Every structure is written in C-alpha cells, then in structure tokens.
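Notes for the structure review
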Amino acid sequence: MPLDFSLDSDPLLSRSAPDRAAALRPDADALAQGWPGASILRVDARSRFATDPAADGGRCLRLEPALLFSDTVPDDAVFLGRDERGRHLWALPVDELPDDPAVASLRRSGGELVEGDAALAAQAVALLGWHRDNVRGRAPAHRPVRTDAGWAIVDPFHGAPEYPRTDPAVICLVHDGGRRALLARQPVWPRGMYSHVAGFVEAGESLEGCVRREVGEEVGVTVDHVRYLGSQPWPFPRSLMVGFHATADPEAPIVLEDEEIAEARWFDVDEVRAALAGEGDLMVAPPVSIAHVMLRSWVSAVDAES
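Structural notes, computed from the coordinates. In this numbering scheme, every chain counts its residues from 1 along its sequence in written order. Only residues with pLDDT of at least 70 are given local features in this predicted model, and only at 80 or more are side-chain atom pairs given and counted; all residues enter the totals for whole chains, interfaces and linings. Only heavy atoms go into the side-chain values, all of them from the structure, while hydrogens and water stay out.

Strands were regarded as paired on the criterion that DSSP finds at least two bridges between them. In this description a helix means any DSSP run of H or I spanning at least four residues, a strand means any run of E spanning at least two, and both kinds are numbered starting from the N terminus. Strands sit in the order β4-β1-β6-β5 across an open sheet of four strands; the sheet is mixed. In this open sheet, the two edge strands, each paired with only one partner strand, are β4 (64-65) and β5 (78-82). In terms of strand pairing, strand β1 (residues 39-44) meets β4 through two bridges, oriented antiparallel. Paired with I40 across the bridge in β4 is E64.

Printed below as a string of structure tokens:
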C-alpha cells in the first residue's frame, strides 16, 4: 500500500478565530451599540496591518479603540465578529500604513502571529479586498451599496444582493508512495524555491478531477490515490486552497507543457527535511502556507514508516 498520512496540525490560517457573529451583521442597532467599545484592525491597500510583540515571542494584531477613528460606524468598515469578551471587532481600510517593522503582511509574517490572529487577519484582508475589487473602475453612480456590515453589497441598478466570492483551488503533494516528492518551480520564484502543483477548479469540475488535470497539465504526470488533507483560506485575493496528496510513478517522464512551471523534479525526503529546517539548497513555502504543513506532515509520515 502507498504511504498514507494526514496533516499533523491545522494550517495557521485555518485555526480558531474569534466568533464571526453572523447574526449581528444585519442588526444596525446592535452594531451601533457595540461600536463605542469595539476594536479596529486597520488594513491598507497593500493588505498590510500593524502588529505588536506577543508574550510568547510571536506577534499579535494591533487592535485599536474604535472611537479613535469615528464616533459612529464608518460606511467602509467591515464587521469581523466578537472576541472572547464579547467586544466587537471591525476592519477599517486605509490608504497606506507606514513602512515600519511593526507593519506586516500575511505572506511575509503570518507565521509569526499568535493563535487566531492569522485567521482574523485573513478574514479582514479577504473582505476588504473584495470591496476594493467591486469599486475598481466603476463610476460613482455605479458603485454598489454595502449592507450587512460589509458582508453584502447591492447593485444600484438591478438591486440584487451580492456576497463575498471565494475561488476554490487545489494544491497537491505528489509523492511516490515512499521517500520521494515531486515539486515544481514557477519562473517568478527565487532560484531554489519549489512547491506543490496547484491550480484553480474549473466550472463543472470536482476537486479530485482538478488535481488530476492540474498535475497532468503542469508536469505531465498521471496521479493515483488522490486523498484529501485539509484546507486553508488564501486571500490573495480570494482563494480557498484545498490540500491533497497523490501518488505517481517517479520513472514517468516529466513534461512541462504549462508556461507557469519553469522546472519540476523529484526530491528525497532528506532534502525536504533539511529545507523545512532552513538548511540546504532547497527552499519551500513558509510556515503560514498549507504547503508547508503538507510537506512537514509527509516527512513525519515517512520517518514513522522507516
């Protein structure tokens, strides 16, 4: 039987976040009452936010008193939910935060955020990004009206509500059932950086079918034993990464027919283990990504079989 395994932990962006409190979104009176005691996460147009040192040595989101910015709920604020004390949490868009070591992004520093803060930041980045996309290029008269505390918009002409869009994408760890994994490199990545094959799900396509198609298109390899691992939001701008692993024949020829892939090859588990520790020539995805968790979990499974 080929090697089977599961994720050794939930991906960072999938871990517990504050209560989204969806029932409060259409309740303007309750939101107004909660505003004086609410906390704000400011997010700029580059999807960056401010952080502060946490007690465990990591970083936490810098949440600021709502009344520092407005006496009432601003039209462009989006409701994120409630913290463990019942305090309302909002995200507020700003044009630009200062270039400062405390200002971070999910890609660069998400792996340093404390439990729950990375998921909260992902929610804010995704929702505010959706709103930016919906007004870009529209004349003022054509811009939609926000409702439900930023969780819906209404077109001024046809009047139908629209809700935040999420685009499903698969990401697959291809291995030989044992000690080798097939990783690929995109042309824009730094030399030595490799990761899993990934791609968006097409209309009328299953997740498993997308795995087989994407691997075939990008590296020319046929996979078998496609198994689900887990998922993670990836708000760049609005993806949901759905993780799988699958087996393939390491002797099968690698054919790069997709321009998105510059190189692909098989790596031994020892090379991957070293890369996860920041050693060797191979570079892999950072800890904030489900890709990192998938590799780490595969290495642990191979070691357990040895």
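Attention now goes to the pattern of salt bridges. We count a salt bridge whenever a side-chain nitrogen from Lys or Arg sits within 4 Å of a carboxyl oxygen from Asp or Glu. A complete count under the given rule lists 24 salt bridges for this structure. Here E96 makes a salt bridge to R48, at a shortest N to O gap of 3.3 Å. Of this pair, E96 sits in the loop between β6 (88-94) and β7 (103-104) while R48 sits in the loop between β1 and β2 (49-53); the two residues are 48 residues apart in sequence, bridging distant segments of the chain. Taking relative accessible area as the criterion, E96 reaches 45% and is therefore assigned partly exposed. Three exposure classes are used, based on accessible area relative to the maximum for each residue type with a 1.4 Å probe and protein chains only: buried under 20%, partly exposed in between, and exposed over 50%.

The next point concerns the sheet that holds strand β10 (residues 161-162). Read across the open sheet, the three strands follow the order β8-β9-β10; overall the sheet is antiparallel. The outermost strands of the open sheet, each flanked by one partner alone, are β8 (145-147) and β10. As paired elements, strand β9 (residues 152-154) and β10 share two bridges and run antiparallel to each other. When the sheet's bridge partners are listed, V154 is paired in β10 with P161. Contacts from helix α3 (residues 117-135) reach β8, β9 and β10 within the one sheet, and its direction differs from that of β9 by about 15 degrees. Contacts between residues were defined by any pair of non-hydrogen atoms, one from each residue, lying within 4.5 Å. Axes, fitted as lines to C-alpha atoms, cover a helix only where it is in contact. Angles between the N-to-C directions of the axes lie from 0 to 180 degrees.

Formed by 53 residues in total, the largest nonpolar core has its most connected members in F49, L106, L282 and W298. Look past the residues within four positions of F49 in its chain and what remains in contact with it is L41, R42, L61, L97, A102, V103, A104, S105, L106, L113 and A121. In this structure, A184, V201, V221 and A264 belong to the second largest nonpolar core, which totals 21 residues. Take the buried Ala, Val, Leu, Ile, Met, Phe, Trp, Tyr and Cys residues and link them wherever side-chain atoms come within 4.5 Å; each set so joined is a nonpolar core.

We now examine the packing of helix α5 (residues 269-276) against helix α6 (residues 290-305). Viewed as axis vectors pointing N to C, α5 and α6 meet at an angle of 130 degrees, and their least axial separation amounts to 10 Å. Considered as vectors, α5 and α6 are oriented oblique to each other. The hand of the α5/α6 crossing is left-handed. Contacts between α5 and α6 pair V269, V272, R273 and L276 from the former with H292, L295, R296, W298, V299, V302 and D303 from the latter. Charged means Asp, Glu, Lys or Arg here, nonpolar means Ala, Val, Leu, Ile, Met, Phe, Trp, Tyr, Cys or Pro, and polar covers whatever is left, Gly included. Of the residues that constitute the contact of α5 with α6, the class distribution is seven nonpolar, one polar and three charged. Under this scheme an angle from 65 to 115 degrees is roughly perpendicular, one under 35 degrees roughly parallel, and one over 145 degrees roughly antiparallel; angles in between are oblique. The hand of a helix crossing depends on one turn: near helix anticlockwise from the far one by less than a right angle means left-handed, and clockwise means right-handed.

The next point concerns the packing of aromatic side chains. Under the pairing criterion, centres of Phe, Tyr and Trp rings, with the six-membered ring standing for Trp, must be within 6.5 Å; the plane angle then separates stacked pairs below 30 degrees from edge-to-face pairs above 60, leaving the rest tilted. All chains considered together, the criterion is met by five aromatic pairs. Taken together, a centroid distance of 4.9 Å and an interplanar angle of 65 degrees make the contact between Y194 and F267 edge-to-face. Here Y194 is found in the loop between β12 (180-185) and β13 (197-200), whereas its partner F267 is found in strand β16 (residues 263-268), with 73 residues between them in sequence. Each member of the pair, Y194 as well as F267, is classed as buried. On the numbers, 5.8 Å between centres and 75 degrees between planes, the contact of Y228 with F244 is edge-to-face.

Counted residue by residue, strand β15 (residues 239-247) has eight buried out of nine residues, so it is predominantly covered. One ladder, built from nine bridges, connects strand β11 (residues 167-175) with β15; its direction is parallel. Each residue of the ladder has a partner; that of H175, found in β15, is T247. In this sheet, β15 lies alongside strand β14 (residues 224-234) in antiparallel orientation, the contact comprising eight bridges. The residue bridging Q232 from the neighbouring strand is M241, located in β15. Hairpin geometry of β14 and β15 is characterised by an intervening segment of four residues between the two adjacent antiparallel strands.

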